Each structure stands twice: as C-alpha cells, then as structure tokens.
Amino acid sequence: DYIHGLRGPGVLLIAHGAQIGVDDSDGRWGLAYRRKRDEPGPIGEKLLDALGRALAVAHLAQQTAPLAGELPIGAGELWVRIHTRLLGPSTSATYEALRGEIAMALEPLYGAPVGVTQQSEPGELFGVRVRASSEPGVEELLARLARSAG
C-alpha cells in the first residue's frame, strides 16, 4: 500500500512479468499496467497485449467484491509510456516514429480515430496520451481483442 505517497502508485501488485497498480501520477486515479520485460515484436502487438492484460485486470476489479459495481474504469483514454530510456528516449523523434504505429494498432480496436499526443519532456520517461473518440467500455474492448486474436 503506497497510498501515502503523493502522485504515484496507491496500491501496487508486483508480479514476475508485470506490475499492476492503482495510480494517480497525473492527479487522476487510474489503473496502471507496466510490463517488466521487453518482448520482441512490433510495438503495436506489444501495446495490444499490454492493453488486453490491463483490461482483464480492470474487468476483474469491476466484477469482484467489494468493488463490484463501484469502480468505474474508463477505457477511452490511455497513457502509454516506455520505461527504458535507451529504447524510447523522450524526444520528438521518438514521438514521430511511434505515433502512427500506436494509432494504427488502436484505431481498429476502438472502431474510431484516436488522438496521440506526447506527454513527456526531455529527461522524463517517454509517454503519450491516447484519447479515443469513442469509448466502447472494458468488456466490449476485451471482446474485440478476443475476436481479433482469433
């Protein structure tokens, strides 16, 4: 329980492959999913995999007592960060290189355009904010991901 910390993880679950937490880094509460190891493959595939895992956690949290029905988790806005500065320095070149890949991966999932804006300064972890023009909801996005995978 890190709830005493200002602007950071409130509750953090540390697992072998990821860290999952409730976070208020930008002054708003949200679900954070951080993959601990970089897997090979295109950024779009890795993004969809991480999003699917985060959505599964969100769905479980929404359905499990004592939070059942009490935890609204929106899926129309994402904050995507690269935690390895060597792979993703916080520069405009990184943003230009990844913006299109991120949009191409997420627009079919949301069924609508997404806005991708850089949210980091040099020296910080690279990050972008993704805002979808539609918000299908956690369950619908999970269903769409399942259909696209298989």
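Going by the structure above, here's the rest.
Residues numbered from 1 in each chain as written. Predicted model: local features only at pLDDT ≥ 70, side-chain atom pairs only at ≥ 80, totals over all residues. Heavy atoms only, no water.

Visitor: What is the right way to look at the sheet that holds strand E6 (residues 126-132) in this model?
Guide: Strands pair in a sheet through their backbones, by hydrogen bonds, and they do so in one of two ways: parallel or antiparallel. With antiparallel pairing, 3 strands are arranged side by side in an open sheet as E4-E6-E5. Looking at which strands have only one partner, the edges of the open sheet turn out to be strand E4 (77-82) and strand E5 (114-118). With direction set aside, neighbouring strand axes in the sheet form an average angle of 20°. Each of E4, E5 and E6 is contacted by helix H2 (residues 92-110), which is oriented at about 160° to E5, the strand it contacts most. (Pairing = 2+ DSSP bridges. Helix = DSSP H or I, 4+ residues; strand = E, 2+ residues; numbered from the N terminus. Axes fitted to C-alpha atoms, helices over the stretch in contact; angles between N-to-C directions. Contact = heavy atoms within 4.5 Å.)

Visitor: Would you take a moment to explain the pattern of salt bridges for this structure?
Guide: A side chain with one charge may pair with a side chain of the opposite charge, provided their charged atoms come close. In total, this model carries 8 salt bridges according to the counting rule given. A salt bridge links Arg99 to Glu96, with the shortest nitrogen-to-oxygen separation between them at 2.8 Å. Highlighted residues: Arg99 and Glu96, both in helix H2, separated by 3 residues, approximately one helical turn. As a salt-bridge pair, Glu140 and Arg144 come within 3.0 Å of each other at their nearest N and O atoms. With a gap of 4 residues between them, Glu140 and Arg144 both fall in helix H3 (residues 138-149), about one helical turn apart. Its relative accessible area of 25% is what places Arg144 among the partly exposed residues. (Salt bridge = Lys/Arg side-chain N within 4 Å of Asp/Glu carboxyl O. Buried < 20%, exposed > 50% of the residue type's maximum accessible area, 1.4 Å probe, protein only.)

Visitor: Just checking my understanding: could you explain the environment of Arg37 for this structure?
Guide: With respect to the element layout, Arg37 can be found in the loop between strand E3 (30-35) and helix H1 (43-63). For the pair Arg37 and Thr84, spaced 47 residues apart in the sequence, the C-alpha separation amounts to 9.9 Å. Discounting residues that sit within four places of it in the chain, Arg37 has contacts with His16 and Gly17. Of note is the side chain of Arg37, whose polar atom sits 2.4 Å from the backbone oxygen of His16. (Polar contact = N/O pair within 3.5 Å; in protein donor to acceptor, adjacent residues only side chain to side chain.)

Visitor: Quick question: what am I supposed to make of the packing of H1 against H2 here?
Guide: To characterise two packed helices, one gives the angle between the axes of the helices and the distance between these axes. Where H1 contacts H2, the axes come no closer than 9 Å and their chain directions differ by 50°. Here H1 lies oblique to H2, going by the angle between them. The chirality of how H1 crosses H2 is right-handed. Contacts between H1 and H2 involve Ile43, Gly44, Leu47, Leu48 and Leu51 from the first element and Leu98, Glu101, Ile102, Ala105, Leu106 and Leu109 from the second. Partitioning the contact of H1 with H2 into residue classes produces 9 nonpolar, 1 polar and 1 charged. (Parallel < 35°, antiparallel > 145°, perpendicular 65-115°, else oblique. Left-handed = near helix turned anticlockwise from the far one by under 90°. Nonpolar A, V, L, I, M, F, W, Y, C, P; charged D, E, K, R; others polar.)

Keep in mind that these numbers describe shape and distance, not what the molecule does.
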